[in-house]
Amino acid sequence: MFFRGNYGKFGDVDGREMGPKRQRFDQGPSFYGPSPGSAFMYNPPTYGYMEQPPPPPFPVVRLRGLPFDCAEADVAEFFHGLDIVDVLFVHRDGRFSGEAFCVLGYPLQVDFALQKNRCSMGRRYVEVFRSRRQEYYKAIASEVSESHGGGSPHRRPPRARSHDEGKEAMEHTGVLRLRGLPYSANKDDILEFFKDFDLGEESVHIVLNAEGRPSGEAYVEFADVEDSKEAMTRDRMTLGSRYIELFISSPEELDEAILRRR
């Protein structure tokens, strides 16, 4: 009664009726730890990791009906204007099957590559299909198996074209030309291929095409003729998934290739 008489219902000095004061929410944990009122704080819901967008499709196409003397440069010319990362020719029982996988620089380029379906390469029309990463990797495994015999006595590396069969009759000069390199191969990869020889980066010359991209060829300068002769034993061995062909060359041919690159 005392309180009602002096302050109104809850002690308000001007007679207005007020409810009990609301408890003040904490603004955050105290320096000394959470306060008793922190249990009433609004805690936003905890969300899991944001769902990541799916990775872009692997940019690879399969070609069928290629000429049997086809080389990487022919495929690069067929897809002129596209970024070629790798060309994998498919062999069966040591013979080129007329099929290949071509890895492009970007997924968007697959659609442009498909526009070349049934276009001609030489006298042959070439079919171009969508492919998948798994098919490409399976083909790599098959090619590596072929290069190591694969347990079958009928499997052997593909033969060179007829105009290459007399290459060993040429006189060694200490310079070899490599053909069939992956477009992604760099000097370190070539040095690893010839790791048993004393070579430096200055001994390796990667040939570029007119657009400044690797052509799949390179020249290597060895210390002497004997080293280049011994290095020829690596002819048709693999670098990654590719057979590498070696040819006897000359300093003059090397100089000409370097001048073309400039």
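Residues numbered from 1 in each chain as written. Predicted model: local features only at pLDDT ≥ 70, side-chain atom pairs only at ≥ 80, totals over all residues. Heavy atoms only, no water.

With respect to the overall build of the protein
Note the threshold: Counting from the N terminus, the helices are DSSP H or I runs at least four residues long and the strands are E runs at least two residues long. With residues, only the protein chains shown are counted as cover, and all accessible areas are computed by Shrake-Rupley using a 1.4 Å probe.
Each helix and strand in the protein was counted, giving seven helices and 10 strands. Surface accessibility of the protein: about 17400 Å² in total, with carbon and sulfur atoms responsible for 53%.

Quick notes on the packing of aromatic side chains
Convention followed: Aromatic pairing here means that ring centres of Phe, Tyr or Trp (its six-membered ring) are within 6.5 Å. Orientation follows from the plane angle: under 30 degrees is stacked, over 60 is edge-to-face, and everything else is tilted. The buried label applies to any residue whose accessible area, calculated with a 1.4 Å probe on protein chains only, is under 20% of its type's maximum; exposed applies above 50%, and partly exposed to all values in between.
On inspection of all chains with the given rule, the structure shows 11 aromatic pairs. Here the aromatic rings of Phe 78 and Phe 79 are separated by 5.1 Å at their centres, their planes lie at 65 degrees, and the arrangement is edge-to-face. Just as Phe 78 is buried, Phe 79 falls in that class too. With a centroid separation of 5.6 Å and 80 degrees between ring planes, the pair formed by Phe 197 and Phe 222 is classed as edge-to-face. Of this pair, Phe 197 sits in the loop between helix H5 (187–193) and strand S7 (204–208) while Phe 222 sits in the loop between strand S8 (214–221) and helix H6 (225–231), placing them 25 residues apart in sequence.

Details of unusual backbone geometry
Even without being glycine, Arg 118 reaches a positive phi, approximately 70 degrees. Residue position: Arg 118 is located in the loop between helix H3 (109–114) and strand S4 (119–121). The backbone of Arg 236 shows a phi angle near 70 degrees, a positive value even though the residue is not glycine. For Arg 236, the location among the structural elements is in the loop between H6 and strand S9 (237–239). Arg 236 gets classed as buried once you look at its relative accessible area, which sits at 18%.

Details of the confidence of the model for the protein
Here is the rule we go by: The pLDDT value tells you how sure the predictor is about a given residue, anywhere from 0 up to 100. Any pair of residues with heavy atoms lying within 4.5 Å of one another is described as a contacting pair.
Summary statistics for the protein give a mean pLDDT of 77 and a share of 71% for residues scoring 70 or more. Per-element averaging of pLDDT across the protein places helix H1 (residues 2–7) at the bottom with 45 and strand S1 (residues 60–64) at the top with 96. Low pLDDT (under 50) marks residues 20–42, which in the prediction has nine contacts with non-local residues, meaning those over four places away or in another chain. Scored below 50 in pLDDT, residues 150–166 shows 29 contacts in the model against residues more than four places distant or in partner chains.

Examining the sheet that holds strand S10 (residues 242–248)
Keep this limit in mind: Two strands qualify as a pair provided DSSP detects at least 2 bridges between them. Throughout, an axis means a line fitted to C-alpha atoms (over the contacting stretch in the case of helices), and angles, computed between N-to-C directions, take values from 0 to 180 degrees.
Spatially, five strands are ordered S7-S8-S6-S10-S9 in an open sheet, and the strand pairing comes out antiparallel. Every interior strand has two partners, whereas the edge strands, S7 and S9, have only one. For this sheet, the mean inter-axis angle between neighbouring strands, taken without regard to orientation, is 35 degrees. In this sheet, S10 lies alongside S9 in antiparallel orientation, the contact comprising three bridges. When the bridges of S10 are listed, Leu 239 appears paired with Arg 242.

A look at the layout of surface pockets
Cut-off, in case you're wondering: Residues are said to line a cavity or pocket when one of their atoms sits within 4 Å of a point; the points come from a 1 Å grid over protein atoms alone, cavities being sets where a 1.4 Å probe fits but cannot get out and pockets being open sets with protein on both sides within 12 Å along at least five of seven lines. Grid points are joined across faces, edges and corners, and a volume is the space filled by probe spheres set on the points.
Within this model, the second largest pocket holds a volume of roughly 340 Å³. Taken together, 17 residues make up the lining of the second largest pocket; nearest its centre are Ala 76, Asn 209, Glu 211, Arg 213 and Pro 214. Those elements that place two or more of their residues in the lining of the second largest pocket are helix H2 (72–78), strand S2 (84–92) and S8. For the lining of the second largest pocket, the element with the most residues is H2, which contributes three residues.

Structural notes on the environment of Glu 99
The residue Glu 99 is located in strand S3 (residues 95–104) in this model. Glu 99 gets classed as buried once you look at its relative accessible area, which sits at 14%. On a C-alpha basis, the gap between Glu 99 and Leu 66 in space is 6.2 Å, while along the polypeptide they are 33 residues apart. Filtering out sequence-adjacent residues up to four positions away, Glu 99 remains in contact with Arg 62, Leu 63, Arg 64, Leu 66, Leu 88, Phe 89, Val 90 and Arg 92.

A short note on the sheet that holds S2
Sheet strands pair by backbone hydrogen bonding; their relative direction is either parallel or antiparallel. Taken in spatial order, the five strands make up an open sheet running S2-S3-S1-S5-S4, and their pairing is antiparallel. The open sheet has two edge strands with one neighbour each: S2 and S4. Each strand of the sheet is rotated relative to its neighbour by a mean of 35 degrees, with strand direction disregarded. Pairing geometry for S1 and strand S5 (residues 124–130), over four bridges, is antiparallel. Across the sheet, residue Arg 62 finds its bridge partner in S5, namely Phe 129.

Focus on the pairing of S3
Counting buried positions along S3 gives eight out of 10 residues, so the element sits mostly inside the fold. As paired strands, S1 and S3 are joined by five bridges and run antiparallel to one another. Bridge pairing in S3 places Leu 63 opposite Ala 100. Where S2 meets S3, eight bridges bridge the pair, whose relative direction is antiparallel. For Leu 88, the partnering residue across the bridge sits in S3 and is Phe 101.

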